[in-house]
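Breakdown of the fold
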Amino acid sequence: MAVVQVSPERPDPSIMSRAATLLHRGQIVAFPTETVYGLGADALDPEAVERIYEAKGRPAYNPLIVHVPDAAAAQSLITSWPPAADALAKRWWPGPLTLVLPKAATVPSTATAGLATVALRAPAHPVAQALLRAAGLPLAAPSANRSGEVSPTTASHVVQSLGDRVPLILDAGPTSVGIESTVVDLSGARPLLLRPGMISREMLEEVIGPVDVARALDLAESARPSPGMLDRHYAPKARVILFDGPDEAPVQEALRTHPAGTGILHWRDGTFPGAFVERLPADPAGYARSLYEALRRMDDRGASVILVERPPAGSAWEALHDRLQRAARP
Ligand code: TXA
Ligand code: MG
């Protein structure tokens, strides 16, 4: 495994061509996007895509996101590009938005876990863009972590999660968004939000009108629009418990029952003697950028339980509530 430093603004073309060569040979490469690090492979090569599932230990029913440089490249992988896709791509691509559309026959079913649709995203990170253009291939890329773990926001998280399972990791420093992209399904009669992200439902609705929200918990398995949406994703090793600040009763209780290993992630004022404590920024963008690193650090420090103060209400925070609820699922 090689970790290679890359300038986040001006990626060295010789490093990009080294990575592109590996991708053309059907190998996997970890690379930064603006959301989280991705584990990429040639999306049109079923064996290469298979290597992603193997390295992640990802269940075969959970489809991957295919990354493209721009909307023109996306259009060659699908059979219909509805006006909503055009409007959303014009507003947010390249950026942290993934669109689910009916797939073209050229996209192998391994990448889509047998579904008739494909998830597409044009990432904004200059290294991701340079890699896509150097390779000249659509890249299937889930987050570069073992299945079920917290997504990586630095190259060293990728090393911790995947280590020698990846031949090349491009290190361009910490990612700027910090949580995964918003996923919207445009293949049905009405747009359906499958995974909230920093582009919120409200922001989407300003561009395309009403957007339904997938409520996985209410649906039978066969009716779930996104396989894998129920998985206990985004979870650290320690148990996660959410609490409503400023009520500190649950915190005192946890300190009594886990005297040696309570972690606390809070955003309001508060002092918590006897715990591993981190204060997260009180704005949604700053909180998103810091959350996964903070959860990983709690694991590294040996916390057996992490109490997380529930963030404020409001649409700018909805993706963070989603990730925290998933992390806290038993
Ligand atoms: O920000 C991101 O989206 C990152 C970076 C690397 O781009 N990628 C990422 O990929 O988070 P992953 O594989 O961890 O999450 C992909 C999500 C999963 O929830 C998957 O079920 C859903 O997208 N998905 C993929 N293809 C789909 C499809 N055809 N229909 C419905 N959901 C799909
Ligand atoms: Mg993931």
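In case you missed it, the structure is sitting above this.
All of the points below concern the structure found in this document.

So, on to the overall build of the protein chain. When you go through the protein chain residue by residue, the secondary structure sums to 10 helices and 15 strands. Judged by the C-alpha coordinates and their principal axes, the protein chain covers about 55 × 45 × 35 Å. Within the protein chain, the fraction of its 330 residues that count as buried is 55%. In the protein chain, the proportion of contacts linking residues at least 24 apart, taken out of those at least 6 apart, comes to 66%. Surface summary for the protein chain: the accessible area is close to 13,400 Å², and the carbon and sulfur share equals 52%. The distance from the centre of the 32 positive side-chain charges to the centre of the 35 negative ones in the protein chain is 2 Å.

Core analysis: the biggest nonpolar cluster contains 66 residues, and Leu39, Leu97, Leu99, Leu120, Leu170, Leu186 and Leu204 have the highest contact counts within it. Ranked by the residues each element gives to this core, the list is headed by helix 1 (residues 13-24), at six residues. Not counting residues up to four positions away in its chain, the partners in contact with Leu120 are Ile65, Val66, Val68, Ala74, Leu77, Ile78, Trp93, Leu97, Thr98 and Leu99. With 25 residues, the next largest nonpolar core counts Tyr292, Leu295, Ala319 and Leu320 among its residues.

Within this structure, the stated rule accounts for two aromatic pairs. Taking 6.1 Å as the distance between ring centres and 45 degrees as the angle between the ring planes, the aromatic pair formed by Trp81 and Trp93 counts as tilted. Highlighted residues: Trp81 in the loop between helix 3 (71-75) and helix 4 (83-92) and Trp93 in the loop between helix 4 and strand 5 (97-102), separated in sequence by 12 residues. Arranged with centres 5.4 Å apart and planes meeting at 75 degrees, the rings of Tyr287 and Trp317 form a pair that is edge-to-face. In this pair, Tyr287 sits in helix 9 (residues 284-300) while Trp317 sits in the loop between strand 15 (305-309) and helix 10 (318-327), placing the two residues 30 residues apart along the sequence. On the basis of relative accessible area, Trp317 is assigned to the buried category, the value being 6%.

To continue, consider the side chain of Glu34. Its location among the elements puts Glu34 in the loop between strand 2 (29-31) and strand 3 (38-42). Overall, Glu34 belongs to the buried group, its relative accessible area being 6%. If sequence neighbours within four positions are ignored, Glu34 has contacts with Gly95, Pro96, Arg121, Pro123, Ala124, His125, Thr175, Ser176, Val177 and Gly178.

Extensive coverage of strand 15 is indicated by the burial of five of its five residues. Alignment of strand 12 (residues 239-243) against strand 15, held across five bridges, turns out to be parallel. Opposite Leu242, over in strand 15, you have Val308 as the bridge partner. Pairing geometry for strand 13 (residues 262-266) and strand 15, over four bridges, is parallel. Opposite Leu265, over in strand 15, you have Val308 as the bridge partner.

Strand order in this open sheet of 11 strands is 1-8-2-3-7-4-6-5-9-10-11, and the pairing throughout is mixed. A single partner strand is all that each edge strand has here, and the edge strands are strand 1 (2-5) and strand 11 (212-213). The pairing of strand 4 (residues 65-67) with strand 6 (residues 117-121) spans three bridges and is parallel. Across the sheet, the residue bridging to His67 is Arg121, located in strand 6. Across the face of the sheet, helix 1 comes into contact with strand 1, strand 2, strand 3, strand 7 (139-140) and strand 8 (168-171) while running at roughly 150 degrees to strand 8. Sheet strands touched by helix 2 (residues 46-56): strand 3 and strand 7. Its angle to strand 3, the strand with the most contacts, is close to 155 degrees.

A separate point is unusual backbone geometry. A cis geometry characterises the amide bond from Trp93 onward to Pro94, with omega recorded as -5 degrees. Along the polypeptide, Pro94 turns up in the loop between helix 4 and strand 5. At the junction of Gly245 and Pro246, the peptide bond is cis and its omega measures out at 0 degrees in the coordinates. For Ala113, which is not glycine, the phi torsion reads 55 degrees and is therefore positive. Classification of Ala113 as partly exposed rests on a relative accessible area of 23%.

The angle between the axes and the distance between the axes are what describe a pair of packed helices. The contact between helix 4 and helix 7 (residues 201-208) brings their axes to 9 Å, and the two run at 120 degrees. Put simply, helix 4 runs oblique to helix 7. For the pair helix 4 and helix 7, the crossing hand works out as right-handed. Only Met203, Leu204, Val207 and Ile208 of helix 7 make contact with helix 4, whose side of the interface consists of Ala84, Ala87, Leu88, Arg91 and Trp92. Considering only residue class, the contact of helix 4 with helix 7 consists of eight nonpolar, no polar and one charged.

Structurally, Ser147 can be placed in the loop between strand 7 and helix 6 (155-162). Judged by relative accessible area, which is 33%, Ser147 ranks as partly exposed. Once the C-alpha coordinates of Ser147 and Gly57 are considered, the two residues, 90 residues apart in sequence, prove to be 5.7 Å apart. Ser147 has contacts with Lys56, Gly57, Arg58 and Pro59, leaving out every residue within four places of it along the chain.

What counts, and at which threshold
- Residues numbered from 1 in each chain as written.
- Chains lettered and ligands numbered in written order.
- Predicted model: local features only at pLDDT ≥ 70, side-chain atom pairs only at ≥ 80, totals over all residues.
- Heavy atoms only, no water.
- Helix = DSSP H or I, 4+ residues; strand = E, 2+ residues; numbered from the N terminus.
- Buried < 20%, exposed > 50% of the residue type's maximum accessible area, 1.4 Å probe, protein only.
- Contact = heavy atoms within 4.5 Å.
- Areas by Shrake-Rupley, 256 points an atom, 1.4 Å probe, with all protein chains shown as cover.
- Lys, Arg positive; Asp, Glu negative; His and termini not counted.
- Charge placed at Lys NZ, Arg CZ, Asp CG, Glu CD.
- Core = buried A, V, L, I, M, F, W, Y, C linked by side-chain atoms within 4.5 Å.
- Phe/Tyr/Trp six-rings, centres within 6.5 Å; stacked < 30°, edge-to-face > 60°.
- Pairing = 2+ DSSP bridges.
- Axes fitted to C-alpha atoms, helices over the stretch in contact; angles between N-to-C directions.
- Parallel < 35°, antiparallel > 145°, perpendicular 65-115°, else oblique.
- Left-handed = near helix turned anticlockwise from the far one by under 90°.
- Nonpolar A, V, L, I, M, F, W, Y, C, P; charged D, E, K, R; others polar.

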